[in-house]
Amino acid sequence: MRVVLLAALMCLNSLCLAAQMAVVALPGGNMVYKPVQSVRERRFADLVQQRTDFSCGAAALATVLKQAYWLDVDEHQVIEGMLAESDQDTVKVQGFSMLDMKRYVERIGMRARGYRVEADSLQRITIPVVVLMDIRGYKHFVVLQRIDKGWVYIGDPVLGHKRYRFDDFVKGWNGIVFAVIGPGYDKANALLDPPAPLTAKSRVDGFFPVEDAQLMEFGFIQSDFF
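What you see is a predicted model, and the numbers here were worked out from it, not measured in a lab.

Conventions we followed
- Residues numbered from 1 in each chain as written.
- Predicted model: local features only at pLDDT ≥ 70, side-chain atom pairs only at ≥ 80, totals over all residues.
- Heavy atoms only, no water.
- Buried < 20%, exposed > 50% of the residue type's maximum accessible area, 1.4 Å probe, protein only.
- Helix = DSSP H or I, 4+ residues; strand = E, 2+ residues; numbered from the N terminus.
- Pairing = 2+ DSSP bridges.
- Phe/Tyr/Trp six-rings, centres within 6.5 Å; stacked < 30°, edge-to-face > 60°.
- Lys NZ or Arg CZ within 6 Å of the ring centre and 35° of its normal.
- Expected span 1.5 Å × (residues − 1).

(A) Examining the pairing of strand β5 (residues 138–148) more closely. Across the 11 residues of β5, nine count as buried, placing the element largely inside the fold. Here seven bridges tie strand β4 (residues 129–135) to β5, and the two strands are oriented antiparallel to one another. The partner of V129 across the bridge, within β5, is L144. Adjacent in sequence and paired antiparallel, β4 and β5 are bridged by two residues, among which R136 carries a positive phi angle near 55 degrees. Between the end of β5 and the start of strand β6 (residues 151–156), which pair antiparallel, lie two residues, with K149 showing a positive phi angle near 55 degrees.

Structure follows, in structure tokens:
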């Protein structure tokens, strides 16, 4: 019985974790091992997962800091940093606010700006930003990664990589984007090129690194690039 249980657990574990697959290499017939990625790992690739009920803002912000600026931060560190200047009782009930995120970003020596953006101008956003969505009555911070061919690509701290039809996204979005600005920005960061949905049969990749001039529209300055 124990052997059967152990085998079952190992099988389940293999579905959740990355592994290596043995492949016969022709013509010699030797075995080579190629890395494979589980569905769950693909879903959360390059994203920081939310671990508590109130930390979607912290996880979304940590995702931007890690991927766009290569900062060595995790969700817990961002939570601790934001709690230092927040009302903890309010946070436990309502979660963190964009003001909490702004204070934290400024305390670590970077800049943060909130922009009210018309839906028709969303296509012009060329950096990953944090946005607040209303998902079936639940206020939830996510990372807006890119908009392409009528789809809005989202990094969700709970659900992983998602995409919404543009009109569906606009219905649940509060009209504001939260941008982190500062030195060390990676103009070709992974968030701007999210993985294609597993059900997609083909994908023409239109990803190109953003130019400095475009970044200055969001508040970057020349010294941020040197």
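Now that the structure is up, let's keep going.
(B) Representation of the packing of aromatic side chains within the structure. For the structure on display, the rule yields four aromatic pairs. Note that R163 overlies the ring of W151, its terminal NZ or CZ placed 3.7 Å from the centroid.

(C) The arrangement of helix α3 (residues 56–69) in detail. Taking 1.5 Å of rise per residue, the 14 residues of α3 would be expected to cover 20 Å, and the 19 Å separating its terminal C-alpha atoms lies within 8% of that figure. Judged by how many residues are buried, α3 sits mostly within the fold: 13 of 14 residues are covered. After α3 finishes, the residue W70 shows a positive phi value of roughly 60 degrees.

(D) Structural view of the pairing of strand β8 (residues 173–181). Burial analysis of β8 places seven of its nine residues in the buried class, the great majority of the element. The sheet contact formed by strand β3 (residues 111–116) and β8 spans six bridges and is antiparallel. Considered in β8, the bridge of R116 is made with I176. In this structure, β4 lies alongside β8, joined through three bridges in antiparallel fashion. By the bridge assignment, V130 is partnered in β8 with F178.

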